[in-house]
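Take a look at the letters that make up each chain.
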Amino acid sequence: MQVLVSKYAGFCPGVKRAVKLTLQHGEGKPGRVATFGPLVHNAQMIEHLAAKGIRTLDSVADAPEEIIVVRSHGVSPSVMAALKATGKNIVDATCPFVSKIHSIVDSLDNRCLIVIGDAHHPEVQGILGRARYGVSVIEDEDSASQIHTDLPVTVVVQTTFDQQKLKGILAILQEKFQDIEIHNTICSSTRDRQREVAELAKKSDLMLVIGGKNSANTGKLVAICKQSGVETHYIQSVSNIEPHWFSNVFTVGIAAGASTPEWIIREVVDMVMETNNEGIEEVKEDSNAILDEQSKPLGVGDIVVGNVVQVNPDEVLVDVGYKMEGLIRKDELSFRKVENCSELVNVGDELEAEITRLTEDLLELSVRKLTQSKAWKTVKEAFDNQTSVSGRVVEVVKGGLIVDLGLRAFMPASLVDLRFVEDLSQFVGQEVTVLVIELERRRNKVIVSRKAQLMRETEAKKAETLATLEEGTTVKGIVRRLTNFGAFVDIGGIDGLIHISELAHHRVEHPSEVLKEDQELDVYVIKVDAESERVSLSLKRILPDPWTEVATKFKTGDAVEGKVVRLADFGAFVELIPGVDGLVHVSQISDEHVEKPEDVLATGQVVKVTILDIDVQAKRVSLSMRDAVRTGKKFAKEERHQESSIGATIGERLGNFFDQEDE
Ligand code: SF4
């Protein structure tokens, strides 16, 4: 059994920071520090702190502790004021992600606040206490559709809300309100954790999710796992595990909520590993690095990531976690020319952009600049190493196409395909793989060729085909071209030739009689010449041999009809069935002397013949027209004799037999 541990299992950066601050002040000094409300939603962790003399308080009045820690969920301004009024030392461990929501709400001016989250959760309570112009809390699509206000609205989201559920709620709000500002404030740690646990659930036969029963974020992880259909157990510690869960299980996934201490996860992992010790994958995120990143001051040239909160025709606003939103003008969104920014982005989209201007009251960003400078690097590398790059065709212009490689690349019409393309518009919207054939940064010039890439692919395929192709085998191919002497068949980067004589057992005048272009077929490999890159193919050799039918269909003495297919000095070849020609020797053509067969016969003529001899082994049939004529005459005589009694004419019975004889 394999055990996979989520790399985001356990304390999130905000909880880690709160625990660290609490222990910094209270470890080794029992009774000095208390937390205002449970520091984390985990009973074992609270017991652990209590054992160190750090109490959890609901009210700080009369508490003897000199330091009070405000947990990562934060508190409302009135609660903070009351705490400060006690004269105690207040350590504010509010998570920076929550503080960001506080500053959004504090900055609202005559806008109604909508909080998406659980109204009873302490984080949401802390946010509600800051709203000044009306507020609603919603947590599903039903409650979203019931909100009414005449004010413009601003939306914030509980940091641990379910990202998937959020989409549907936002869609309803956007439909309902014209003037709406959306701040997707789900913290990146929660987003990563939820995304990763969904992936983990897909790979696992059984999921164990560890966390306190009252931990909202753990509950969401459990819901995500269950949605994926995998058997999921919500456990608080190792004592909840039942060994029979693991029978017939190959992969166990272990995830944990943001307030689950490391040692509880370790106990669970060890317990599962004790019985099944095959392998473990475990990587932990660097939470300190995430928080450091959050608090770094911004500057021009920095790269920021944020969610689009507003889309106007000529600009979009992006929340990048700064005190003000970033502004991206239409021309800075992309090199593509659009009428309205909404053609490129939607509210809620995540964008990465470069800071191009930063003042006290303006943060300007550019996606285009960042994308282009990244793209130049990629395109230059591709040009230097002659590797391929992919991009979408966005426009037909005079003489060719424009390909979006993160920058504008031109593809001349003659380099679009291996063959001439009349209508270039069929490529618009298509993803194409190209080679960069010309590059000039100073003039922003990038020329690409799909044709060169296709030729390269064909060459590679050809080499592979030639290396693996075996004579005497049958392979699949597509008819590419028909000529007078045969058919060229693509068998994978290389066109092999089926000579006209190898097309069928019978005589073929032109390949179009048996094949058509683009036809898929199996072909037999006769010969491979890797040096000259020539491959000889046959269709005939994998078709049933008509000579196998000859022995059952014909016998010596049979009088049959056939078509003259070839004339030689020594006789005429008559086709009995396709692929089986018999020879009427010149001496067997008529009772009278025939100098040359062509004096009395023509190709294509249908004649009656008698089979003199069949040699299947040697694939030879000897025929005679003389015998057939005699038999015909004898038959005619008898018929004439009977004619008077039965009333039918001989001509009607023999058809044109004598006509043929006379020709
Ligand atoms: S879940 Fe996110 S917002 Fe909440 S404490 Fe952790 S890092 Fe901060």
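Sequence order as written defines residue numbering, which begins from 1 separately in each chain. In view of the model being predicted, local features appear only for residues whose pLDDT reaches at least 70, and side-chain atom pairs are presented and counted only at 80 or more, with totals across whole chains, interfaces and linings using the full set of residues. Side-chain calculation: all heavy atoms of the structure are included, whereas hydrogens and water are not.

S.K.: Is there a simple way to think about the site of the ligand in this case?
M.R.: Residue proximity to a molecule or strand is established when one non-hydrogen atom of the residue lies within 4 Å of it. In the region of the ligand, the neighbouring residues are Cys 12, Gly 14, Ser 72, Cys 95, Phe 97, Thr 159, Thr 160, Cys 187 and Thr 190. Here a cavity denotes a set of grid points, spaced 1 Å apart and computed over the protein atoms alone, in which a 1.4 Å probe fits but from which it cannot get out, and a pocket denotes an open set meeting protein on both sides within 12 Å along at least five of seven lines; residues with an atom within 4 Å of a point are reported as lining. To decide whether a molecule occupies a pocket or cavity, check its atoms: if more than half lie within 2 Å of the grid points, it is inside. When atom positions are compared with the pocket grids, the ligand is found to occupy the largest cavity. Classifying every residue of the shell around the ligand by side-chain character gives four nonpolar, five polar and no charged. Of the residues that make up the shell around the ligand, three or more belong to each of domain 1 (1–95 + 191–296) and domain 2 (97–186). Throughout this entry, Asp, Glu, Lys and Arg are counted as charged residues, while Ala, Val, Leu, Ile, Met, Phe, Trp, Tyr, Cys and Pro are counted as nonpolar. The remaining residues, Gly among them, count as polar. What fixes the domain bounds is an automatic or database domain assignment.

S.K.: What exactly am I supposed to notice about the state of the cysteines here?
M.R.: Defined simply, a disulfide is a covalent bond joining two cysteines at their sulfur atoms. Only a pair of cysteine sulfur atoms within 2.5 Å qualifies as a disulfide here. In total, this model carries zero disulfides according to the counting rule given. Of all cysteine sulfurs, the one in Cys 187 lies closest to Cys 225, which takes part in no disulfide; the gap is 17 Å.

S.K.: Would you explain the sheet that holds strand S33 (residues 620–624) in this entry?
M.R.: Pairing between sheet strands relies on hydrogen bonds along the backbone, with the strands arranged either parallel or antiparallel. Taken together, five strands build a closed barrel; the order of strands is S29-S30-S31-S33-S32 and the barrel is mixed. For this sheet the average axis-to-axis angle between neighbouring strands, irrespective of direction, equals 50 degrees. Across five bridges, the pairing between strand S29 (residues 559–568) and strand S30 (residues 571–577) is antiparallel. By the bridge assignment for S30, Val 564 is matched with Val 574. In short, DSSP must find at least two bridges between two strands for them to pair. Helix and strand definitions follow DSSP, with helices as H or I runs of at least four residues and strands as E runs of at least two, each counted in order from the N terminus. All axes here are fitted lines through C-alpha atoms, helices being fitted over the stretch that makes contact, and every angle between N-to-C directions spans 0 to 180 degrees.

S.K.: Is there a simple way to explain the nonpolar core in this structure?
M.R.: Across soluble globular proteins, nonpolar side chains show a tendency to be buried alongside one another. The biggest cluster of nonpolar side chains holds 22 residues, and the ones touching the most others in it are Val 403, Leu 405, Val 436, Val 446 and Val 448. Looking at this core, the elements that each hand over two or more residues are helix H12 (367–385), strand S19 (388–397), strand S20 (400–404), strand S21 (408–412), strand S22 (431–440) and strand S23 (445–449). Every residue in contact with Val 403, bar those within four places of it in the chain, is listed here: Gly 391, Arg 392, Val 393, Arg 408, Ala 409, Met 411, Val 432 and Val 448. We call a set of buried Ala, Val, Leu, Ile, Met, Phe, Trp, Tyr and Cys residues a nonpolar core when their side-chain atoms join them within 4.5 Å. Note on classification: 1.4 Å probe, protein chains only; a residue is buried when its accessible area is under 20% of the maximum for its type, exposed when over 50%, partly exposed between these limits. Contact criterion: two residues are considered in contact whenever any of their non-hydrogen atoms come within 4.5 Å of each other.

S.K.: What is the right way to look at the packing of helix H8 (residues 188–203) against helix H9 (residues 216–227) in this model?
M.R.: A pair of packed helices is characterised by two quantities: the angle between their axes and the separation of those axes. The interhelical angle for the contact between H8 and H9, taken along N-to-C directions, is 35 degrees, at an axis separation of 9 Å. With respect to the hand of their crossing, H8 and H9 are arranged in right-handed fashion. Contact residues: H8 offers Arg 193, Gln 194, Val 197, Ala 198 and Ala 201, while H9 offers Lys 220, Leu 221, Ile 224 and Cys 225. Along the lines of polarity and charge, the residues of the contact of H8 with H9 split into six nonpolar, one polar and two charged. Crossings are classed by handedness, with left-handed meaning an anticlockwise turn of the near helix from the far one by less than a right angle and right-handed meaning a clockwise turn.

S.K.: Sorry if this is basic, but what is going on with the packing of aromatic side chains here?
M.R.: When we look at a pair of aromatic rings, we describe it by the centre distance and by the angle of the planes. In this analysis, rings of Phe, Tyr and Trp, with Trp reduced to its six-membered ring, are considered paired at centre separations within 6.5 Å, and the interplanar angle assigns stacked below 30 degrees, edge-to-face beyond 60, and tilted for intermediate values. A full pass over the atoms with the stated rule returns two aromatic pairs. Taken together, a centroid distance of 6.1 Å and an interplanar angle of 90 degrees make the contact between Phe 485 and Phe 488 edge-to-face. For the pair Phe 570 and Phe 573, a centre-to-centre distance of 6.0 Å together with 90 degrees between the ring planes defines the contact as edge-to-face. Any Lys NZ or Arg CZ found within 6 Å of a ring centre and within 35 degrees of that ring's normal is scored as a charge over the ring. Above the face of the Tyr 234 ring, Lys 213 is positioned so that its terminal group lies 4.3 Å from the ring centre.

S.K.: Which parts of the structure should I look at to understand helix H7 (residues 163–176)?
M.R.: Note on helix geometry: an α-helix contains 3.6 residues per turn, so any two residues three or four positions apart are oriented the same way. Here H7 contains 14 residues, and its C-alpha end-to-end distance of 20 Å stays within 8% of the 20 Å for a straight helix at 1.5 Å per residue. When H7 is considered as a whole, its buried residues turn out to be Leu 166, Ile 169, Leu 170 and Leu 173. Across the axial projection of H7, the buried residues extend over an arc of 105 degrees, all falling on one side. Summarising the geometry of H7, the exposed residues directed more than 90 degrees from the buried face are Gln 164, Lys 167 and Glu 175. Buried positions along H7 lie against strand S6 (112–116), strand S7 (135–138), helix H6 (141–145), strand S8 (153–157) and strand S9 (180–182). Any N or O atom pair separated by 3.5 Å or less is treated as a polar contact, with the protein-specific requirement of one donor-capable and one acceptor-capable atom, and with residues adjacent in sequence counted only for side-chain atom pairs. For H7, the side-chain oxygen to backbone nitrogen distance between the N-cap and Gln 164 is 2.9 Å, and the N-cap itself is Asp 162. Under the convention used throughout, the expected extent of a helix is 1.5 Å for every residue step, that is, one less than its residue count. The directions from the helix axis to the C-beta atoms are what the arc is built from.

S.K.: So what exactly am I meant to see when it comes to the side chain of Asp 490 here?
M.R.: With respect to the helices, strands and loops of the structure, Asp 490 is situated in strand S25 (residues 486–490). Asp 490 sits in the buried class, given a relative accessible area of 17%. Looking at Asp 490, its side chain comes within polar contact range of the side chain of Arg 480, at 3.1 Å. Among all residues touching Asp 490, those that are not within four sequence positions of it are Lys 476, Gly 477, Ile 478, Arg 480 and Asp 495.

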